[in-house]
2 protein chains.
Amino acid sequence: MATIRDVSKLAGVSVATVSRVLNRSGYVGAATEAKVTAAMEALSYKPSETARSLAGKQSSMIALMVPDLLNPFFPELALAIETCASAYGYTVILCNSNNDAEKERKLFDLLVHKRVDGLILSSYTATPKQIIALQDRGIPVVVVDNGFPGQPILSLIARNREGAREAVRHLLKQGCSKIGHLSGPADVTAARDRRQGYADECAALPWFSSSLIEQGDFQAEGGYDAAKRLLDREPGIDGIFAGNDAMAIGALKLLHERGSRVPDDMRVIGFDGIRVPMVVPELSTMVQPIYEMGEQAMQQLHRLIGGEDVKRETIELNTSLLVRRSSSR
Amino acid sequence: MATIRDVSKLAGVSVATVSRVLNRSGYVGAATEAKVTAAMEALSYKPSETARSLAGKQSSMIALMVPDLLNPFFPELALAIETCASAYGYTVILCNSNNDAEKERKLFDLLVHKRVDGLILSSYTATPKQIIALQDRGIPVVVVDNGFPGQPILSLIARNREGAREAVRHLLKQGCSKIGHLSGPADVTAARDRRQGYADECAALPWFSSSLIEQGDFQAEGGYDAAKRLLDREPGIDGIFAGNDAMAIGALKLLHERGSRVPDDMRVIGFDGIRVPMVVPELSTMVQPIYEMGEQAMQQLHRLIGGEDVKRETIELNTSLLVRRSSSR
DNA sequence: GTGAAAGCGCTAACAG
DNA sequence: CTGTTAGCGCTTTCAC
């Protein structure tokens, strides 16, 4: 593999000059530049990212850390980020924290030592403190699908509360007379906001009771179990708003086992808009703009890495209602 | 961040010695080693992978290249590989080729320049030539879910032909009297083998005709379309063996739209065993040991990287029949 | 404008 | 057993 020295020799200049045209830094005569470019071409030279990284520049690697690759939300996000990152010239390191705070901590350390240029983080367990510490250690972070209001952390999140309200209003409009909610983990902002949105719409209605909320874990199995507990406890429910699609799918499975007809006896709506080719009945959902979220995350991270003065705040993205068969005839 | 020099000073030895205990290479006195270890501890020193990589050692990064992150098969594989890689001390670079031969080619180049230690490749487009070229450029490769018989390429693949035969026999045993097959892309080994397995079992049966095979693309949409073409063309089909789960799900969707009762009027079985929490009816499938496949891929790659003399051949893994509702009452 | 030279942090001969 | 030293390929002052 050709090195910068080979290029410099072939072009009859010094390595410093080659480095300059490589980085468009400092002045280089037009003629010289042409010679260098030609030489690089001739040797099909590509600078060694490794050396570049050692010499103090960027590693042109970013890390993507997700809690659960089996939740289709994250592959979709990963796809968006990978595509966008590669357009910017970054390589993506994939980290699956498995929702394990300890593993996460170790990964943070690793990333620092790997000198990654930045991190796109989706985590239910990372604390603001940890994230800020990471930033202080020189690693710009963009958080996705979780927010830390009041903290100097740049995060991207859907308008969850608003979206939840819209989902519930949709169920009400469909004629539901008693709506239950399967909420996500209590310590996840997105889950809390969705629960809050549900409460916003329902709290004043005569049938409302806080026991209409059952907590799950954002996973299909958990949604199945939570739905079971909810329905066993609260008779007369004819609408379910699940905190995410995975749980909604779990609920649908339970309903099918019990012979409930959806959407006739029970209407169900989820949240996320994951593109799982689902079977019967297709799930209505509040769509998060997952691809856009990944795209924006990468964009913002790139700006942070570039040292731009980006405001470290929570950015909210709009959701959109997607009505399919599970909630409407 | 502490460097090897800091450690050497604190321990009162030379950097070479520190390097030795770091790599367990060469002899180091017990007392010295203890001092060094203590110093490393005290400074919470971690060697810079970047420097180590530049100095000619390994980059401790491997790449994982997949064609389609939206197919749940690949996140599952990725999870297995990431977990296993991290146990071995490797970091995983994620590449999504998007089934695009051109992007794939560029990625190969990139990986060479990044000096990744190895590559786990799942691709429908890469040619044996390309893969061998990559190996010649110093990057060990393990291919997953595709085989290149006769080529010096280490690949892991399920016993597709055998598995397909078993799936078809299962449908026959369930009483199917005319079974269609939705096959995958013609240029994918796995798809061909499964089609062949189907043919093995059916070719001699009175109702068989090659028009019972309809080609899809291993994606749900494609399965939907292929099933439509198949059923419109061939009346009397009461069993479908889909080349993978994604297509089987597409077929189920079509069947539901058409009011076919599954499994009463039509029995369906897929191939892959992806862990999508599916709705009604749950899909029967030939399970590939996805996790094990990822695990083995990582293991073999590690051996290749270590310079062990691993035989570059196709390794086959057993599948297992998982009967659920889509094929059995 | 361009070159010389000093590192970045680590490894690997080669001497002791 | 341990220290010295020369790089790995690139960036970056500092002179000319």
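If you're wondering where the values come from, they're calculated on a predicted model, not measured in any experiment.

(A) Looking closely at the interface of chain B and chain A. Contact residues are listed per partner, giving 43 residues for chain B and 43 residues for chain A. Across the chain B to chain A interface the summed buried area is about 4200 Å²; carbon plus sulfur atoms make up 68%. Counting every contact that joins chain B to chain A gives 4 salt bridges. The salt bridge involving Glu282(A) is made with Lys253(B); its shortest N-O contact spans 3.7 Å.

(B) The arrangement of the relation of the copies chain B and chain A in detail. Least-squares fitting of chain B to chain A yields an RMSD of 0.3 Å, with the transformation described by 0.1 Å of translation along the axis and a rotation of 180 degrees. On this basis, the relationship between the two copies can be described by a two-fold rotation axis. Considering only C-alpha atoms, the residue of chain B closest to the rotation axis is Ile93(B), which sits at 2.3 Å. A symmetric contact is evident, with 100% of the interface residues of chain B recurring at the interface of chain A.

(C) Examining the packing of aromatic side chains more closely. Using the criterion set out here, one finds 8 aromatic pairs over all chains in the structure. The aromatic ring of Tyr224(A) is capped on one face by Lys253(A), whose charged end is 5.9 Å from the ring centroid.

(D) Broad picture of the protein's contact with DNA strand C. Residues in contact with DNA strand C amount to 26 residues; listed here are only the nearest, Arg20(A), Gly29(A), Thr32(A), Ile4(B) and Tyr45(B). The sugar-phosphate share of atoms of DNA strand C within 4 Å of the protein amounts to 68%. The contact in question runs from a phosphate oxygen of DNA strand C to an N or O atom on the side chain of Asn23(B), over 3.3 Å. Residue assignment for the surface near DNA strand C shows that the elements contributing at least two residues are α2 (15-23) of chain A together with α2 (15-23) and α4 (49-54) of chain B. No other element matches the 5 residues that α2(B) contributes to the surface near DNA strand C. A breakdown of the residues in the surface near DNA strand C according to their chemical character gives 13 nonpolar, 9 polar and 4 charged.

About the criteria used
- Residues numbered from 1 in each chain as written.
- Chains lettered and ligands numbered in written order.
- Predicted model: local features only at pLDDT ≥ 70, side-chain atom pairs only at ≥ 80, totals over all residues.
- Heavy atoms only, no water.
- Contact = heavy atoms within 4.5 Å.
- Buried area = accessible area lost by both parts, 1.4 Å probe.
- Salt bridge = Lys/Arg side-chain N within 4 Å of Asp/Glu carboxyl O.
- Least-squares fit on C-alpha atoms with pLDDT ≥ 70 in both.
- Phe/Tyr/Trp six-rings, centres within 6.5 Å; stacked < 30°, edge-to-face > 60°.
- Lys NZ or Arg CZ within 6 Å of the ring centre and 35° of its normal.
- Near = heavy atom within 4 Å.
- Polar contact = N/O pair within 3.5 Å; in protein donor to acceptor, adjacent residues only side chain to side chain.
- Helix = DSSP H or I, 4+ residues; strand = E, 2+ residues; numbered from the N terminus.
- Nonpolar A, V, L, I, M, F, W, Y, C, P; charged D, E, K, R; others polar.

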